[in-house]
Amino acid sequence: MNFLDLKVIDEDGVEKPLRDVVLGRWTVLYFYPKDNTPGCTTEAKEFSELLDEFERLGVQVVGVSRDSQRSHLRFKERHGLRVRLLSDPGAELHRALGAWGRKKRYGKEYEGAVRSTFILSPGGEVVWKKVNVRAKGHAAKVLEAVKDLLG
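Residues numbered from 1 in each chain as written. Predicted model: local features only at pLDDT ≥ 70, side-chain atom pairs only at ≥ 80, totals over all residues. Heavy atoms only, no water.

S.K.: Mind showing me how you'd approach the packing of aromatic side chains here?
M.R.: How two aromatic rings sit relative to each other is set out by the distance from centre to centre and by the angle between their planes. Tallied over the full model, the rule gives five aromatic pairs. Ring geometry for tyrosine 30 versus tyrosine 32: centroids 5.7 Å apart, planes at 35°, classification tilted. Relative to phenylalanine 75, the ring of tyrosine 32 has its centre 6.1 Å away and its plane inclined at 35°; by these criteria the two rings are tilted. Placement of the pair is tyrosine 32 in the loop between strand 3 (26-31) and helix 2 (38-49) and phenylalanine 75 in helix 4 (residues 69-79), with a sequence separation of 43 residues. Across the pair, phenylalanine 75 and tyrosine 32 agree in class, each one buried. Members of the aromatic cluster, connected to one another through ring pairs, are Tyr30, Tyr32, Phe47, Phe54 and Phe75. (Phe/Tyr/Trp six-rings, centres within 6.5 Å; stacked < 30°, edge-to-face > 60°. Helix = DSSP H or I, 4+ residues; strand = E, 2+ residues; numbered from the N terminus. Buried < 20%, exposed > 50% of the residue type's maximum accessible area, 1.4 Å probe, protein only.)

Here's what the structure looks like:
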């Protein structure tokens, strides 16, 4: 199955294939582990602060995590976030794009979301990707990548 056919839940609680969200527009699709955690909050705030610049370039910014639609709404409200957030509760989209894998924390190994970012063309093709990124400063690096891609 093509990753564009995988279903996500938008902020209105509507389940739809990813293609309905991304086709026809340049899209920054970033995956993060969990709402309201320090790194994820930093990353979401930085993308929100740069959103006007992305939009001037014709690019939408969409965050994806396994959190529920309700959690996303609280996350956005609590931190004044402006980016669109999607829920991928079963991590199917995470797995399809390689944003899921083995992690280690405090000596324990587990599977989870790997902080990753993808830039998709208006046709839905992945034209740029970074996996296992650091949250702080990442949004600015993605903006530079977008500017390089769009010339």
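S.K.: Even after reading the chapter, I still don't get the layout of surface pockets, so can you show me in this structure?
M.R.: One simple way to see leftover space: roll a probe sized like a water molecule over the atoms. Volume-wise, the largest pocket comes out at about 450 Å³. Forming the walls of the largest pocket are 15 residues, and the residues nearest its centre are Pro33, Lys103, Tyr110, Ala113 and Arg115. Elements with a minimum of two residues in the lining of the largest pocket: strand 6 (100-105) and strand 7 (108-113). Broken down by element, the lining of the largest pocket gets its largest block of residues, four residues, from strand 6. The residue inventory of the lining of the largest pocket, partitioned by class, reads six nonpolar, two polar and seven charged. (1 Å grid on protein atoms, 1.4 Å probe; cavity = no way out; pocket = protein on both sides within 12 Å on 5 of 7 lines; lining within 4 Å. Points joined across faces, edges and corners; volume = space filled by probe spheres on them. Nonpolar A, V, L, I, M, F, W, Y, C, P; charged D, E, K, R; others polar.)

S.K.: Explain the side chain of serine 65 to me, please; I cannot follow it from the model alone.
M.R.: Within the element layout of this structure, serine 65 appears in strand 4 (residues 59-65). Using a relative accessible area of 0% as the deciding quantity, one classes serine 65 as buried. If we skip the residues at most four places from it in the chain, serine 65 touches Tyr32, Pro33, Asp35, His72, Leu86, Ser87, Asp88 and His94. (Contact = heavy atoms within 4.5 Å.)

S.K.: Would you mind showing me how to read the nonpolar core here?
M.R.: One broad trend across soluble globular proteins is that nonpolar side chains are buried collectively. One finds Val28, Tyr30, Phe47, Phe54, Val61 and Val142 to be the most contacted residues of the largest nonpolar core, which totals 22 residues. Secondary structure elements with two or more residues in this core: strand 3, helix 2, helix 3 (51-56), strand 4 and helix 6 (138-150). Residue contributions to this core peak at five residues, all from helix 6. Those residues in contact with tyrosine 30 that sit more than four places away from it in its chain are Glu43, Ala44, Phe47, Val61, Val62, Gly63, Val64, Val83, Leu85, Ser116 and Thr117. (Core = buried A, V, L, I, M, F, W, Y, C linked by side-chain atoms within 4.5 Å.)

S.K.: Help me understand a nonpolar patch on the surface in this model?
M.R.: Residues Leu57, Val127, Leu149 and Leu150 make up a contiguous nonpolar surface patch of about 270 Å² in total accessible area. On the basis of relative accessibility, which here comes to 33%, the residue leucine 57 falls in the partly exposed class. (Patch = residues over 30% accessible without salt bridge, like charges linked within 9 Å, V, L, I, M, F, W, Y side chains within 5 Å. Areas by Shrake-Rupley, 256 points an atom, 1.4 Å probe, with all protein chains shown as cover. Salt bridge = Lys/Arg side-chain N within 4 Å of Asp/Glu carboxyl O.)

S.K.: Got a minute to help me understand helix 4 in this structure?
M.R.: Owing to its 3.6 residues per turn, the α-helix aligns residues three or four sequence positions apart on the same side. For helix 4, every residue scored as buried is listed here: Ser71, His72, Phe75 and Lys76. An end-on view of helix 4 places all buried positions within 135° of arc, on one side of the element. Facing away from the buried surface of helix 4 by more than 90 degrees, the exposed residues are Arg70, Glu77 and Arg78. Contacts from the buried residues of helix 4 go to helix 2, strand 4 and strand 5 (84-87). The positive-phi residue at the C-terminal boundary of helix 4 is glycine 80, with phi of around 65°. (Arc of directions from axis to C-beta.)

S.K.: Mind showing me how you'd approach helix 2 here?
M.R.: Between the first and last C-alpha of helix 2 there are 16 Å, a value that for 12 residues agrees with the 16 Å anticipated at 1.5 Å per step. For helix 2, every residue scored as buried is listed here: Cys40, Thr41, Glu43, Ala44, Glu46, Phe47 and Ser48. Those residues of helix 2 that are buried are in contact with strand 3, helix 3, strand 4, helix 4, strand 8 (116-120) and helix 6. (Expected span 1.5 Å × (residues − 1).)

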